[in-house]
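Overview (structure and organization)
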Amino acid sequence: MSHLSERPEKPVVGVSMPHESAVLHVTGTALYTDDLVYRTKDTLHAYPVQVMKTRGRITALRTEPALAVPGVVRVLTVADVPGVNDAGMKHDEPLFPDEVMFHGHAVAWVLGETLEAARLGAAAVEVELDELPSVITLKEAIAAESFHGARPVMVTGDVDAGFADSAHVFTGEFQFSDQEHFYLETHAALAYIDEAEQVFIQSSTQHPSETQEIVAHVLGLHSHEVTVQCLRMGGGFGGKEMQPHGFAAIAALGAKLTGRPVRVRLNRTQDLTMSGKRHGFHADWKIGFDADGRIQALDATLTADGGWSLDLSEPVCARALCHIDNTYWIPNARVAGRIAKTNKVSNTAFRGFGGPQGMLVIEDILGRVAPLLGLDPMELRKRNFYQPGLGQSTPYGQPVPQAERIAGVWQQVEDNGGVADRKREIAAFNAAHPHTKRALAITGIKFGISFNLTAFNQAGALVLIYKDGSVLINHGGTEMGQGLHTKMLQVAATTLGIPLHKVRLAPTRTDKVPNTSATAASSGADLNGGAVKNACEQLRARLLQVAASQLGSNASDVRIVDGVARTLGSDKELAWDDLVHTAYFQRVQLSAAGYYRTEGLHWDAKAFRGSPFKYFSYGAAAAEVEVDGFTGAYRIRRVDIVHDVGDSLSPMIDIGQVEGGFVQGAGWLTLEDMRWDTSDGPNRGRLLTQAASTYKLPSFSEMPAEFNVTLMENATEEGAVYGSKAVGEPPLMLAFCVREALRQAAAAFGPAGVSVELAAPATPEAVYWAIESAREKNEDVRGGSGHALGGSEIRTDTSALSNA
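Sequence positions are assigned chain by chain, starting from 1 and proceeding in written order. A pLDDT threshold of at least 70 governs which residues receive local features in this predicted model, and a stricter bar of 80 or more applies before side-chain atom pairs are shown or counted, although totals over entire chains, interfaces and linings include all residues. The basis for every side-chain value is the complete set of non-hydrogen atoms in the structure, without hydrogens or water.

1. A closer look at the overall build of the protein
To be explicit about the condition: Counting from the N terminus, the helices are the DSSP runs of H or I reaching at least four residues and the strands are the DSSP runs of E reaching at least two. C-alpha atoms define the radius of gyration, and 2.2 Å times the number of residues to the power 0.38 defines the globule rule. Exposure categories follow from relative accessible area, calculated using a 1.4 Å probe and restricted to protein chains: below 20% of the type maximum is buried, above 50% is exposed, and the middle band is partly exposed. Here a residue-residue contact requires only that any non-hydrogen atoms of the pair lie within 4.5 Å. Working definition of accessibility: Shrake-Rupley area with a 1.4 Å probe, residue cover restricted to the visible protein chains. In this tally, Asp and Glu contribute negative charge and Lys and Arg positive charge; neither His nor the terminal groups of the chain are included. Charged groups are reduced to one reference atom each: NZ for lysine, CZ for arginine, CG for aspartic acid, CD for glutamic acid.
Scanning the protein from terminus to terminus reveals 20 helices and 29 strands. For the protein, whose C-alpha radius of gyration is 28 Å, the value lies close to the compact-globule estimate of 28 Å for 804 residues. Its C-alpha atoms give the protein principal-axis dimensions of roughly 95 × 80 × 50 Å. Classification of the 804 residues of the protein by burial places 62% in the buried group. Restricting the contact set of the protein to residue pairs at least 6 apart, pairs at least 24 apart contribute 82%. Per element, the accessible surface of the protein, about 29,000 Å² overall, is 51% carbon and sulfur. Across the protein, the mean location of the 72 positive side-chain charges is 2 Å away from that of the 93 negative side-chain charges.

Following this line, the structure appears as structure tokens:
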């Protein structure tokens, strides 16, 4: 076992415990960024001047009327920027634009003594616009060839030969929706300037170091003059990886110009209309199978809706390409990616970061063609799994380790869920109920863990031991409710060999741990855990020398367990507090900076080849649904999940992440239906689903009546901290099984072997139209016209459904 993954005697990792802030959460005493306003004197409130047109050049911006509003202190415009007028890392996101690029684009910000004064001031600002043509939908962008950023192509094998050798070839088209993060806490920042002209910002950000960098270049400062702290976030899901920087910059600019603290906090409608979403995608595909239903070739083009600026669209698109294979070996593939430039908010990171979009394409394909191949969808999927020992690699050239886990978790789901018996029960139920149908589907996942950009796979930590034996840890990861801080406390206590109550964790801030990567890509525990472990190991090594001198033994024979140092084979012992006290008086350094970098990664972005991932996380899920044939309404009767998190650092946290990720994925695929005004009217480009009243989120009524989650056992990951694996993003993709079950239930209203198209999200409306389609096939059969699709070539388009 590797040094990184080996666990000592009586580890604190692996013990189920609640979130470190759970009591604060449920009692309402946990502080978030905006709570700090009420502890800050003389705070000014910032309010955006949004232009409710989709695109146009600004010909006039009159701020004088706002300054006449009582309580308005200042209006921030481009003339106030001392540094670079840009809030993005690609230099294509002006903080104060001269061209409106989406409906609701903020062109100025008003500072007021109260939020109401700032709001009234923003309403008084006069903006004149020379309106320009806009592109709203993916179809419009593709037709207009409106693209930006890189256009990668992933190639493996001989695609043309693969199709020539295929017994069955299918073609199709698939468009699926974007998704709103809808974190409970909207974007927020609070900035003030101290007596040394240092800028200090409290920000709800997943990437404090990048927020620091953007604020510094907007203000014309160096990074050491800006400090960013993140106490915690009320949810992030990727939406606070890149998007908070501009809001923090506005707060910092206002504070710099007025000398007073400035607060930015978006209301829900502002957050929905100004911040990016998950990228919606369009896929054009062609796939070939041999006579036994094994994939021979895939040719696809994936188009991501990037919105008005690049943001993180390029790596999102790249990860989508890297995950289009999911759990299936595709010997011959050519997959192209491109990013549509549309006049909508700039789409950004969202849990899974393009992986769900790529994986959804192949799962949709298999779900649609299985009936045409005369195969049960479960059987078709199993026939195409990566197989261990055959030297199979992904289309980008990375070997697939632990491939046996793909079939292993699947089989465990079948066994745990009694799938064979339940399928027979479902068949009997469907035969007896003409107007209600049930179905059960299983899907699996293979998700790569690491940032695609190799440089981001590093982390730092600072661990301090005080004279009384208490320990304070600082690391570069941020807490958004996912339990990262809980795991870091467990890692520190385990490495030092002390009880958990001895360890406390400080808020994440850039003057303690510099140059950190975003808490994203499911890498938070891997990277920061490695850094915390490294720092604690340095401290433990020093303390073992002190203990050895006190116990009269060699340091290599001393163990620290449960806060007591003992020599192997001896009764002599030394309590932790006494050990630390002794070390201090021996002038032993009691602080250490830890560092970790993920080894073994390489990636050629131009050739689209390499091994960008440290390992893969595996999982499988089964969902049983019941669908009403009159309305398309449905309920999820049961879900069974088996998920691979290696040796869990904190099982209760990990199970919660699996449950939450699954539900969020089910929301994206079944409920969360973003609507935009695509008309040529005055509100073209307006987001129509601007609130929870119009944008439906999963609630208790959408939860499975029976929900079983099992963590894979004996699953040590040799290359990760204490043998664990990432858990943040992979479970979201387990929800594919819900949509596939709905597809099969809709098909059950038609004749055997019918192929059913299903929109994403598969709302009750979309399910109803899928049912109607299946029923039409029944009529065709009764009318003697044979199979409606016929042959082995289909051409379909579900975009009309997904945008209906």
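On we go from here.
2. With respect to the environment of Gln690
Mapped onto the secondary structure, Gln690 falls in the loop between helix H17 (651–670) and strand E29 (706–711). Classification of Gln690 by relative accessible area gives buried; the value is 16%. Residues Gln690 and Ser5 lie 685 residues apart in sequence; the distance between their C-alpha atoms is 46 Å. With near-sequence residues (within four places) excluded, Gln690 lies in contact with Thr269, Leu272 and Thr273.

3. Considering the pairing of strand E24 (residues 591–597)
The criterion, for reference: A pair of strands is considered paired only if DSSP assigns at least 2 bridges between the two.
Here E24 shows a clear split, with Ala592, Gly594 and Tyr596 buried on one side and none of Ser591, Ala593, Tyr595 and Arg597 buried on the other. When strand E17 (residues 458–465) meets E24, the two strands line up antiparallel, connected through seven bridges. Following the sheet pairing, Gln458 is matched in E24 by Arg597.

4. Description of the confidence of the model for the protein
What counts here: Residue-level confidence of the predictor, termed pLDDT, takes values from 0 up to 100.
For the protein, mean pLDDT is 96; residues scoring 70 or higher make up 97% of the total. Confidence over residues 784–804 falls short of pLDDT 50; this stretch has 50 contacts with residues more than four positions distant or in other chains.

5. Description of the sheet that holds strand E3 (residues 72–76)
Worth spelling out the cut-off: Convention adopted: a line fitted to C-alpha atoms gives each axis, helices being fitted over their contacting stretch, and angles between N-to-C directions are expressed from 0 to 180 degrees.
Within the open sheet, the eight strands sit side by side as E3-E5-E1-E12-E9-E10-E11-E20. Their pairing is mixed. The open sheet has two edge strands, E3 and strand E20 (508–509), and neither has a second partner. Packing against the sheet, helix H6 (residues 208–219) makes contact with strand E10 (199–203), strand E11 (226–230) and E20, and its axis sits at approximately 145° to E11.

6. Observations regarding the nonpolar core
Rule in force here: By nonpolar core we mean a set of buried residues, namely Ala, Val, Leu, Ile, Met, Phe, Trp, Tyr and Cys, connected to one another through side-chain atoms within 4.5 Å.
Grouped together as the largest cluster of nonpolar side chains are 111 residues, with contacts concentrated most on Ile287, Phe289, Leu302, Val627, Ile641, Phe662 and Leu742. With nine residues, the top contributor of residues to this core is strand E27 (residues 615–628). Dropping the residues within four chain positions of it, Phe289 is found in contact with Ser166, Ala167, His168, Phe170, Arg294, Ile295, Gln296, Leu366, Val369, Leu373, Leu380 and Asn384.

7. A short note on the pattern of salt bridges
Note the threshold: Here, a salt bridge means any Lys or Arg side-chain nitrogen found within 4 Å of an Asp or Glu carboxyl oxygen.
Summed over the entire model, instances satisfying the criterion amount to 56 salt bridges. Salt-bridge contacts for Lys41 lead to Asp42; the nearest nitrogen and oxygen are separated by 3.1 Å. Residue Arg637 pairs with Glu624 through a salt bridge whose shortest N-O separation is 2.8 Å. Residue Arg637 is found in strand E28 (residues 634–643), and its partner Glu624 is found in strand E27; the two are separated by 13 residues along the sequence. Owing to a relative accessible area of 6%, Glu624 belongs among the buried residues under this scheme. Taken together, the salt bridges that share partners define one network made up of Arg422, Arg438, Glu624, Glu626, Arg635, Arg637, Arg638, Asp640 and Glu706.

8. A closer look at the sheet that holds strand E23 (residues 573–575)
If you trace the three strands from one edge of the open sheet to the other, you get E21-E22-E23, paired in antiparallel fashion. Each having just a single partner strand, strand E21 (558–561) and E23 make up the two edges of the open sheet. For this sheet the average axis-to-axis angle between neighbouring strands, irrespective of direction, equals 20°. Where strand E22 (residues 564–567) meets E23, three bridges bridge the pair, whose relative direction is antiparallel. Bridge pairing in E23 places Val564 opposite Ala575. Together, E21, E22 and E23 form the strand contacts of helix H16 (residues 576–585), whose direction differs from that of E23 by roughly 80°.

9. Quick notes on helix H18 (residues 736–747)
Formally: Expected span of a helix: the number of residues minus one, times 1.5 Å.
Compared with the 16 Å implied by 1.5 Å per residue over 12 residues, the 17 Å span of H18 between its first and last C-alpha is a close match. Along H18, 11 of the 12 residues are buried, which leaves the element largely enclosed by surrounding structure. Residues Phe736, Cys737, Val738, Arg739, Glu740, Ala741, Leu742, Arg743, Ala745, Ala746 and Ala747 constitute the buried set of H18.

10. Quick notes on the packing of aromatic side chains
Stated formally: Working definition: rings of Phe, Tyr and Trp (its six-membered ring) pair if their centres are within 6.5 Å, and the pair is stacked with planes under 30 degrees apart, edge-to-face with planes over 60 apart, and tilted otherwise. As a reminder, the over-ring test applies to NZ of lysine and CZ of arginine, requiring each to be within 6 Å of the ring centre and within 35 degrees of the ring normal.
Counted under the stated rule, the structure contains 18 aromatic pairs. Here the aromatic rings of Phe662 and Phe707 are separated by 5.6 Å at their centres, their planes lie at 55°, and the arrangement is tilted. Taken together, the residues span a long stretch of sequence, with Phe662 in helix H17 and Phe707 in strand E29 at a distance of 45 residues. Look at Phe662 and you get buried, because its relative accessible area is 1%. Overall, the relative accessible area of 19% leaves Phe707 in the buried class. Taken together, the ring pairs in this structure connect Tyr396, Trp603, Phe608, Phe613 and Phe616 into an aromatic cluster. Residue placement shows Arg438 over the ring face of Phe429; its charged tip is 3.7 Å from the ring centre.

11. Digging into the packing of helix H15 (residues 524–551) against H16
Here is the rule we go by: In this scheme, roughly parallel covers angles under 35 degrees and roughly antiparallel covers those over 145, while 65 to 115 is roughly perpendicular and the rest are oblique. In this classification, the charged set is Asp, Glu, Lys and Arg, the nonpolar set is Ala, Val, Leu, Ile, Met, Phe, Trp, Tyr, Cys and Pro, and all remaining amino acids, among them Gly, are polar.
Taken N-terminus to C-terminus, the directions of H15 and H16 make an angle of 100°; their axes are 10 Å apart at the nearest point. Judged by the angle between their axes, H15 and H16 are roughly perpendicular. Every residue of H16 that contacts H15 at Leu543, Val546, Ala547 and Gln550 is listed here: Trp576, Leu579, Thr582 and Ala583. Taken together, the residues that form the contact of H15 with H16 break down as six nonpolar, two polar and no charged.

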